[in-house]
Amino acid sequence: MKRVYLDHNATTPIHPDVKAAMVAAMEVFGNASSHHSFGREAHELIENARKTVADALGAEPEEIIFTSCGSESNNLVIKGVTCGNSICKIGSEKSEVIISAIEHPSVLNTAKCLQGEGKTVHLCPVDEKGVVKLDVLESLLSSRTALVSIMYANNETGAIQPIEEIAKMVAGKGIIFHTDAVQAFGKIPINVKELNLDFLSLSGHKIYGPKGVGALYKRKTRKVCPLIHGGHHEFNLRAGTENTVHIAGLGKAVELSLRDMDSEWQRLAELRNWFEGEVMRRVPESVVNGGDVSRTAHTSNISFRYIEGESILYDLDFDGIAVSTGSACSSGSLEPSHVLLAMGMDHGRAHSSIRFSLGRSTTKEDLAYTVDALERTVTRLRNMSPLWRDKLRQESV
Ligand code: PLP
């Protein structure tokens, strides 16, 4: 059976060149902290990867901390700058954190954890297109604000947030600004100095690198308390012998994403637009969620009203097509997507939504196969849906 993978926002396959770099790195078994030649070889691999990541962001190598994933990077900055320890020196009067209502669970739930410690967390709303409301954000800023954390691009709709405007808004107010760029890095050119960012999170497995490795950009002048205490690794900010193999893989993945960024963006935007046009033409009452906004080229979130997204997902899976109903980290939940609800959608429409995320291997043939399958599936499920039948009855009266 044909298999079509349209879930690249959940994870991506390892690029063959990344795999080769990782296999080569497996031969380098020394501990990067050791002073002999074996250690120096491992150290060199790690420092080369650090430079690649730093160059990709317009940062300096000592501003890059390797972590185990994007979630850890988000936890490190959110907990690490608000920990109340004198290390981060943000002042005890600064006890408030502002995040958007559409953040990934690794930001949302970390912020909730701070609430449990008595800190105030404000959720900044988004408009119906899924973009942060800048006027509300501005009204939430105060002398008590320690941290503003707003994602770069949303994982469910692809909506790109006004990061430059937000950075300008918080500048000079003694507020730390972090962006979770896990879905944007490697797809959109990002220069942390031009954007005036304090912290930025990224992850290896979203850019054809390995799972289990990520990084946090930390502006040199900013302080953060570590989550993991121990040895002097990662500038004393993340103890534990470095994962040389995965870090080497991340470095290679970053190099390849930068090389192919423009051409892949162009190719995927064309494919995505064609796909959405075909779906709208062939599947009645389908709506692109947050379609009318600047978004990542490979992400498409579509509602198929009157039926459940979960049923569509399982039906497409029978045809070998992999899609998702929301973020992979929320997939155990029966609640509709918090992102779509924050955009003002009713539960019915939010529940009927499917995320299609394209990637390097996606072809027009894959998408044509998916449109055919979708048309069949949606028709079949709607024929069984009392909501759909009610709608048809009402229209015929
Ligand atoms: N942030 C965003 C926007 C994401 O989409 C994801 C993963 O889906 C993460 C953070 C978490 O990254 P990781 O899986 O590397 O922990």
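Structure: above.
Reading guide: rules and limits
- In this numbering scheme, every chain counts its residues from 1 along its sequence in written order.
- Only residues with pLDDT of at least 70 get local features here, since the model is predicted, and only at 80 or more are side-chain atom pairs given and counted; chain-wide, interface and lining totals rely on the full set of residues.
- Heavy atoms from the whole structure form the basis of all side-chain values; hydrogens and water molecules are not counted.
- Being paired, for any two strands, means DSSP has found at least two bridges between them.
- Note on conventions: DSSP H or I runs of at least 4 residues are helices, E runs of at least 2 residues are strands, and numbering of each starts at the N terminus.
- To get an axis, fit a line to the C-alpha atoms, keeping to the stretch in contact for a helix; angles then go from 0 to 180 degrees between the N-to-C directions.
- Contacts: residue pairs with any heavy atoms within 4.5 Å of one another.
- The span you would expect from a helix comes to 1.5 Å times its residue count less one.
- A residue's bend is the angle separating two fitted axes: one through the seven residues that end there, the other through the seven that start there.
- By convention in these notes, a residue is near a molecule or strand provided one of its non-hydrogen atoms lies within 4 Å of it.
- Polar contacts here mean pairs of N or O atoms no more than 3.5 Å apart (in protein, one a potential hydrogen donor and the other a potential acceptor; neighbouring residues in sequence count only if both atoms are side-chain atoms).
- Calculation of accessible area relied on Shrake-Rupley with a 1.4 Å probe; when residues are assessed, cover is drawn exclusively from the protein chains displayed.
- Throughout this entry, Asp, Glu, Lys and Arg are counted as charged residues, while Ala, Val, Leu, Ile, Met, Phe, Trp, Tyr, Cys and Pro are counted as nonpolar. The remaining residues, Gly among them, count as polar.
- Throughout this description, the term nonpolar core refers to a set of buried Ala, Val, Leu, Ile, Met, Phe, Trp, Tyr and Cys residues connected via side-chain atoms within 4.5 Å.
- Under the scheme applied here, a residue whose accessible area is under 20% of the maximum for its type counts as buried, over 50% as exposed, and between as partly exposed, the area being computed with a 1.4 Å probe on protein chains only.
- Count a disulfide wherever a pair of cysteine sulfur atoms falls within 2.5 Å.
- Here a salt bridge means any side-chain nitrogen of Lys or Arg lying within 4 Å of a carboxyl oxygen belonging to Asp or Glu.

Chemist: Provide a residue-level description of the sheet that holds strand β5 (residues 145–149), including the pertinent values.
Modeler: Within the open sheet, the 7 strands sit side by side as β2-β8-β7-β6-β5-β3-β4. Their pairing is mixed. The open sheet terminates on both sides in strands that have one partner only, identified here as β2 (64–67) and β4 (120–124). For this sheet, the mean angle separating the axes of adjacent strands, direction not counted, is 20°. Looking at chain direction, strand β3 (residues 96–100) and β4 are connected through 5 bridges and run parallel. Residue pairing across strands places Ser100 opposite Cys124, the latter belonging to β4. In the packing of helix α3 (residues 70–80) onto the sheet, contacts are made with β2, β5, β6 (176–180), β7 (199–203) and β8 (214–218), and the angle to β7 comes to roughly 160°. Against the sheet, helix α4 (residues 105–116) touches β3, β4, β5 and β6, its axis set at about 155° to β3.

Chemist: Talk me through helix α9 (residues 244–282); I want residue IDs and the actual numbers.
Modeler: Taking 1.5 Å of rise per residue, the 39 residues of α9 would be expected to cover 57 Å, yet its terminal C-alpha atoms sit only 49 Å apart, more than 12% below that figure. Considering bend angle alone, the principal kink of α9 is centred on Met261 and spans about 60°.

Chemist: Kindly report on the site of the ligand, identifying the contributing residues and their values.
Modeler: Taken together, 14 residues sit near the ligand, with Ser71, Asp180, Gln183, Ser203 and Lys206 positioned nearest. Gln183 places a side-chain nitrogen or oxygen 2.8 Å from an oxygen atom of the ligand. At 2.6 Å from an oxygen atom of the ligand is found a side-chain nitrogen or oxygen belonging to Ser203. Summarising the interface, the protein chains cover 93% of the accessible area of the ligand, which totals 390 Å² for the free molecule. Ranked by the residues each element gives to the shell around the ligand, the list is headed by α3, at 3 residues. Partitioning the shell around the ligand into residue classes produces 3 nonpolar, 9 polar and 2 charged.

Chemist: I'd like to hear about the sheet that holds strand β12 (residues 353–357), residue by residue, with values.
Modeler: Here 3 strands make up an open sheet; going across it, the order is β9-β10-β12 and the pairing antiparallel. Where the open sheet ends on each side, the last strands, each with one partner, are β9 (286–288) and β12. If you compare each strand with its neighbour and ignore which way they point, the axes differ by 25° on average. Across 3 bridges, the pairing between β9 and strand β10 (residues 299–304) is antiparallel. For Ser286, the partnering residue across the bridge sits in β10 and is Phe304.

Chemist: Let's hear about the nonpolar core: which residues, and what values?
Modeler: Considering soluble globular proteins, one finds that nonpolar side chains tend to be buried as a cluster. Judged by nonpolar contacts, the single largest core of 62 residues is most densely connected at Leu57 and Val148. When sequence neighbours within four positions are dropped, the list of residues in contact with Val148 reads Ile98, Leu137, Leu141, Ile166, Val170, Ile175, Ile176, Phe177 and His178. Formed by 27 residues, the second largest nonpolar core is a distinct cluster that contains Val4, Ala269, Leu313 and Val323.

Chemist: Please set out the state of the cysteines residue by residue, giving values where relevant.
Modeler: Considering all chains together, one arrives at 1 disulfide under this definition. Sulfur-sulfur distance for the disulfide between Cys83 and Cys225 comes to 2.5 Å. Of the two residues, Cys83 is situated in the loop between α3 and β3 and Cys225 in the loop between β8 and α8 (233–236); the sequence distance between them amounts to 142 residues. What makes Cys83 partly exposed here is its relative accessible area of 34%. With no disulfide of its own, Cys113 lies 12 Å from the sulfur of Cys83, the closest cysteine sulfur.

Chemist: Go over the pattern of salt bridges with me, naming the residues and quoting the values.
Modeler: Within this structure, the stated rule accounts for 29 salt bridges. Residue Lys220 is joined to Glu60 by a salt bridge in which the shortest nitrogen-to-oxygen separation is 2.8 Å. Here the residue Lys220 occupies a position in the loop between β8 and α8, and Glu60 occupies one in the loop between α2 (37–57) and β2, the gap between them amounting to 160 residues. When its relative accessible area of 29% is taken as the criterion, Glu60 is described as partly exposed. Members of the salt-bridge network, linked through shared partners, are Lys2, Glu365 and Asp366.

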